[in-house]
Amino acid sequence: MVMLTDAEQAMLQGDSGAATQKAMELLIRYADALGAERFVETNNVAGVPGSAPQWVKDYYKEDGGDYRAVFSRFDLDSDEAVDVPRMNAFSCHLQGGMDPTLWQEQGMTEAAHDNFVSDEASVADHGIQILKTCTPYLAGNVPVMGEHCAWMESSAVVFANSVIGARTNCEGRESTSAAMLAKRIPDWGFHTDDFRKGHHGVAVEVPVDSIFEWGMLGYFVGDAVQDTIPVITGSVSDASLIRHKHFGAAAASSGGVEMYHMVGITPEAPTVEHAFGGAPKGERFFYDAGQRRRIYEMLNSVGENEDVDYVMLGCPHYSIEQIAQAAALIEGRKVSANSALWVFTSRAVKATADANGYTKILRDAGAYLMTDTCSAISQAVPKGTRVAALDSAKQVHYLPAMMGIEGWYGTTAECIDAACTGKWKGKLA
Amino acid sequence: MSTVLDKPRVVIHGRKVVPGVAEGEALVTRQTISGWGGVNLMTGTVIESRHELKGVSFANKVLVFPGAKGSSGWSGIFHMAKLRGMAPVAMVFNIMTTKAALGAVVMRTPTVTECDQDPLDLIKTGDWVRVNGDAGTIEVWDKKPE
């Protein structure tokens, strides 16, 4: 049984109101399921609090079928609906269901949009920051090393743990919503020192120096180590935010990697020994030319038809650097009449893209810069899409399976070429 | 009728994740399961490309699997599957993660982990399994006892 401090006991007794009481009840059930012995305090929580499609609201119609009902009954898993106050922790809303202005292009109904607007107003009313992105660290929430967070979004979690050295487990919707009220999360997993040490080694024997190569290596690593912590050594170079972003997202998708060490690159891996917490242990995997080709073929195993009718960029949400690159690649060209190009980012980054003229360059070329969501989250692709091209290993892992379409994986330049010609010509150099 | 027939083939002991008792037909996989993006919550069906359970539904089954992987949407998707009546009735898994723990908690499905014998070796798809979360036991029969 998890031990409670006096303050936690008081919350459980209802001293901070019914919603916080329900939040503590859920967090205690969760802590006991994990086998956690105590809670850790957090003041940095990111989730998808209370947002729900209409059918979930309708499910709780006897409780009012509204934000309050969903937050109580679904998010807090409470048997009764309670009043939900403003959140107590610094709380952020991650990605949402549609673009706030281009929702009709995404094929959303008016009713779905009305629900989206209503949910967003409720989120704001509860003091939750509307970041609407899978990359909170690009939109105003960058934790510091050692900070205890409660974050959802596997690609953001792996980034926070590995690249920043912040501490969060891969939390879920219900645990983050509860943590927003109780400012507590089970002190388990990545909150503790021992848990953050490496389990298996990965030796990289081919140059990994571009975002495309970092994405493939990430997919390999997740496939190899599954949900454990890899310690990566060898010829990985040119580290940058966007490369880590793609690497982590890929590793979290093919396996369940929530933290990785790159020796000499990430903050908790100054040496191999430090990363492992002693001598290297576990298995040792090798990423060589053969494995690189195998991963490329695996990522392209759901691509057969070379007529590409949709190109999606922005998984995880594009940074301003990536939007600038995409704009430079497409400036003066046009998206093919047989294809479409949607690029996804956060509202914060789009404001910069607007100021820089990138949004207009993309629009003039026939592409859209969209925010809040992505094709996988919103399950929205251009009407009639059969074959997508993607520059994200994570997106090619998910989107074709979810939408029953074909998918190609390649470089950003190959994807933009495909959008402009309607033909996939990607190949492994 | 006969107590011999009613005796389980195997009894496995583990640790409670979620209390309660439930039983049903086993669905066993040696591959980890993604929630969001790996499962159709409307049907309880695995949709992940290349997954050995692709196209198979875990609705109202006892799901026996190594553990959860992938998106942080794991609990949310399984929770919504529960609203749809498409959740497993009970779960047994080996690897503890926040995803699987939270998912089990909010589905309120009796769940056991940290077993004394590997459930993936001892339970096969189609077996009849009773998961007792309170006692931390998993009883396995070839078919539903009379």
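Refer to the structure printed above.
Fair warning: this is a prediction, and the values are worked out from it, not measured in the lab.

So, how was this worked out
Residues numbered from 1 in each chain as written. Chains lettered and ligands numbered in written order. Predicted model: local features only at pLDDT ≥ 70, side-chain atom pairs only at ≥ 80, totals over all residues. Heavy atoms only, no water. Contact = heavy atoms within 4.5 Å. Buried area = accessible area lost by both parts, 1.4 Å probe. Salt bridge = Lys/Arg side-chain N within 4 Å of Asp/Glu carboxyl O. Polar contact = N/O pair within 3.5 Å; in protein donor to acceptor, adjacent residues only side chain to side chain. Buried < 20%, exposed > 50% of the residue type's maximum accessible area, 1.4 Å probe, protein only. Helix = DSSP H or I, 4+ residues; strand = E, 2+ residues; numbered from the N terminus. Phe/Tyr/Trp six-rings, centres within 6.5 Å; stacked < 30°, edge-to-face > 60°. Lys NZ or Arg CZ within 6 Å of the ring centre and 35° of its normal.

A.B. asks: It is not clear to me how the interface of chain B and chain A should be interpreted in this structure. Could you clarify?
C.D. replies: Listed by partner, the interface residues are 33 residues for chain B and 43 residues for chain A. Interface area for chain B against chain A, summed over the two sides, is near 3,200 Å², with a carbon-plus-sulfur share of 59%. When the buried area of chain B at its contact with chain A is split by residue, Trp36, Leu83 and Thr98 of chain B rank highest and sum to 21% of it. As a salt-bridge pair, aspartate 79 of chain A and arginine 108 of chain B come within 3.0 Å of each other at their nearest N and O atoms. Our count for the chain B to chain A interface comes out at 15 residue pairs in polar contact (both at pLDDT 80 or more).

A.B. asks: Which parts of the structure should I look at to understand helix H4 (residues 67-75) of chain A?
C.D. replies: The α-helix winds at 3.6 residues per turn, so residues separated by three or four positions along the chain end up facing the same way. By the criterion of burial, H4 of chain A is predominantly enclosed, with 7 of the 9 residues buried. Every buried residue belonging to H4 of chain A is among Tyr67, Ala69, Val70, Phe71, Ser72, Phe74 and Asp75 of chain A, and all of these are buried. Contacts from the buried residues of H4 of chain A go to helix H2 (18-34), helix H3 (54-59), helix H5 (110-125) and helix H7 (173-182) of chain A together with helix H2 (74-83) of chain B. Positioned one or two residues after H4 of chain A, aspartate 77 of chain A has a phi angle of 50°, which is positive.

A.B. asks: How should the packing of aromatic side chains be read in this particular structure?
C.D. replies: Given two aromatic rings, one states the distance between the centres and the angle between the planes to describe the pair. This model, assessed by the stated rule, comprises 18 aromatic pairs over all chains. Centre to centre, the rings of tryptophan 408 of chain A and tryptophan 424 of chain A are 5.8 Å apart; their planes meet at 15°, and the pair counts as stacked. Of this pair, tryptophan 408 of chain A sits in strand E15 (residues 406-409) while tryptophan 424 of chain A sits in the segment after helix H17 (412-421), and the two are 16 residues apart along the sequence. Aromatic pair phenylalanine 65 of chain B and tryptophan 74 of chain B: ring centres 6.2 Å apart, planes at 5°, arrangement stacked. One exposure class covers both phenylalanine 65 of chain B and tryptophan 74 of chain B, and it is buried. Looking at arginine 363 of chain A, its charged tip hangs above the ring of tyrosine 368 of chain A, at a distance of 4.1 Å from the centre. Lying across the ring of tryptophan 55 of chain A, arginine 84 of chain B places its NZ or CZ 4.2 Å from the centre.

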